[in-house]
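# A closer look at the structure
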Amino acid sequence: GAGVSQSPSNKVTEKGKDVELRCDPISGHTALYWYRQSLGQGLEFLIYFQGNSAPDKSGLPSDRFSAERTGGSVSTLTIQRTQQEDSAVYLCASSFFRGKQETQYFGPGTRLLVL
Amino acid sequence: GDSVTQMEGPVTLSEEAFLTINCTYTATGYPSLFWYVQYPGEGLQLLLKATKADDKGSNKGFEATYRKETTSFHLEKGSVQVSDSAVYFCALSGGTGTASKLTFGTGTRLQVTL
């Protein structure tokens, strides 16, 4: 079956512009996560969705970052007024249930470069 | 807070050598432990997991045992292949805050040569 998909695969933008990153989770997966992979910080948790609500946004680095999920499926991560330090690979993952035992399935990521 | 520490890389081995990648963790409660692998040009894939103390996760010849007494989850393989060249990430979930979010180590790059 189809895995987690993300778009675009690569995005180059200028400092100060807004960007939207999309994640399509595996069908039927209720939990969705965003992570960021960067050279300086490794892999960091950003936000978690259960259905359409986000009970944990603790990893979002600033108020320039926001995310939403609609229909219990697609999620969009928006970065406003991008900065060079936002350059990273943004990863989305989904799992069937929430819970510490659940396997999270990762998408291929969106590589963001802010010039 | 929760943290995962894994050995620095890169690790370079000859084919058929024995592999150990060390991983230790700090967490409240009783986390689940994972090894994820990232092959060149590909996304993160689950390699194996263990959800309680003394459990052994295994897959593709790799093994790791959840040792609560030493807070460790070391990855081992008896005979590596060139195709095992990748970056390996140790991770935990079930610590502080959202039960299911993953906390990752920094990753260990493995290069296997002929």
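Refer to the structure above for everything that follows.
Residues numbered from 1 in each chain as written. Chains lettered and ligands numbered in written order. Predicted model: local features only at pLDDT ≥ 70, side-chain atom pairs only at ≥ 80, totals over all residues. Heavy atoms only, no water.

### With respect to the nonpolar core
Core analysis: the largest hydrophobic core is formed by 26 residues, its most contacted members being B:Leu19, B:Trp35, B:Leu47, B:Leu48, B:Phe73, B:Leu75 and B:Tyr88. Of all the secondary structure elements, the ones that give two or more residues to this core are strand S2 (11-14), strand S3 (19-21), strand S4 (23-26), strand S5 (32-38), strand S6 (44-50), strand S8 (62-65), strand S10 (86-93) and strand S12 (108-113) of chain B. Excluding its chain neighbours within four sequence positions, the residues that come into contact with B:Tyr88 are B:Gln6, B:Ile21, B:Trp35, B:Tyr36, B:Val37, B:Leu47, B:Phe62, B:Leu75, B:Gly107, B:Thr108 and B:Leu110. Counting residues in each nonpolar core, the second largest holds 19 residues, with A:Leu21, A:Leu46, A:Phe49 and A:Leu77 among its members. (Core = buried A, V, L, I, M, F, W, Y, C linked by side-chain atoms within 4.5 Å. Buried < 20%, exposed > 50% of the residue type's maximum accessible area, 1.4 Å probe, protein only. Helix = DSSP H or I, 4+ residues; strand = E, 2+ residues; numbered from the N terminus. Contact = heavy atoms within 4.5 Å.)

### Thoughts on the pattern of salt bridges
Pairing is possible between side chains of opposite charge, provided their charged atoms come close. Residues and elements named next belong to chain A. By the definition in use, this model includes 7 salt bridges over all chains. One salt bridge in this structure joins Glu44 and Arg36, with 3.2 Å as the shortest N-O distance. The class of Glu44 is partly exposed, set by a relative accessible area of 22%. For Arg36, a relative accessible area of 9% corresponds to the buried category. (Salt bridge = Lys/Arg side-chain N within 4 Å of Asp/Glu carboxyl O.)

### Points about the pairing of S2(B)
All names here are of chain B. Alternating positions in S2 separate cleanly, Val11 and Leu13 being buried on one face and Thr12 and Ser14 remaining unburied on the opposite face. Across 4 bridges, the pairing between S2 and S12 is parallel. Directly across from Thr12, in S12, lies its bridge partner Gln111. (Pairing = 2+ DSSP bridges.)

### Points about the sheet that holds strand S7 (residues 56-59) of chain B
Residues and elements named next belong to chain B. Spatially, S3-S9-S8-S7 is the arrangement adopted by the 4 strands of the open sheet, whose pairing is antiparallel. Bordering the open sheet on either side are S3 and S7, each of which pairs with just one other strand. Pairs of neighbouring strands in the sheet enclose a mean axial angle of 15°, with direction left out of account. By the bridge criterion, 4 bridges tie S7 to S8 in an arrangement that is antiparallel. Opposite Ser58, over in S8, you have Glu63 as the bridge partner. (Axes fitted to C-alpha atoms, helices over the stretch in contact; angles between N-to-C directions.)

### A closer look at the state of the cysteines
Taken as a whole and judged by the stated rule, the model has 2 disulfides over all chains. Here A:Cys23 engages in a disulfide with A:Cys92; their sulfurs sit 1.8 Å apart. Between A:Cys23 and A:Cys92, the S-S torsion sits near -65°, and that sign places the bridge as left-handed. Here A:Cys92 lies in strand S9 (residues 88-95) and A:Cys23 lies in strand S3 (residues 19-24), a separation of 69 residues in the sequence. The burial state of A:Cys23 is the same as that of A:Cys92; both residues are buried. Put simply, B:Cys23 and B:Cys90 are joined by a disulfide, and their sulfur atoms are 1.9 Å apart. Looking down the S-S bond of the B:Cys23 and B:Cys90 bridge, the torsion is -70°, so its handedness is left-handed. Taken together, the residues span a long stretch of sequence, with B:Cys23 in strand S4 and B:Cys90 in strand S10 at a distance of 67 residues. For the pair B:Cys23 and B:Cys90, one class covers both residues: buried. (Disulfide = S-S within 2.5 Å.)

### Section: the interface of chain A and chain B
Listed as interface residues are 19 residues of chain A and, on the opposing side, 20 residues of chain B. Counting each side, the surface lost to burial between chain A and chain B is near 1600 Å², with a carbon and sulfur contribution of 53%. Looking at the side of chain A facing chain B, the largest losses of area belong to A:Leu43, A:Lys100 and A:Phe106, adding up to 39% of the total buried there. Run the count over chain A and chain B and you get 0 salt bridges. (Buried area = accessible area lost by both parts, 1.4 Å probe.)

### Considering the packing of aromatic side chains
Across all of its chains, the model carries 12 aromatic pairs over all chains by this definition. With centroids separated by 6.2 Å and ring planes inclined at 25°, the aromatic side chains of A:Tyr33 and A:Tyr35 adopt a geometry described as stacked. No difference in accessibility class separates A:Tyr33 from A:Tyr35, as the two residues are buried. Ring centres of A:Phe106 and B:Tyr36 lie 5.3 Å apart, and the angle between their planes is 80°; on these two criteria the pair is classed as edge-to-face. One end of the pair, A:Phe106, is in strand S10 (residues 105-106); the other, B:Tyr36, is in strand S5, on a second chain. For the pair formed by A:Phe106 and B:Tyr36, the shared burial category is buried. (Phe/Tyr/Trp six-rings, centres within 6.5 Å; stacked < 30°, edge-to-face > 60°.)

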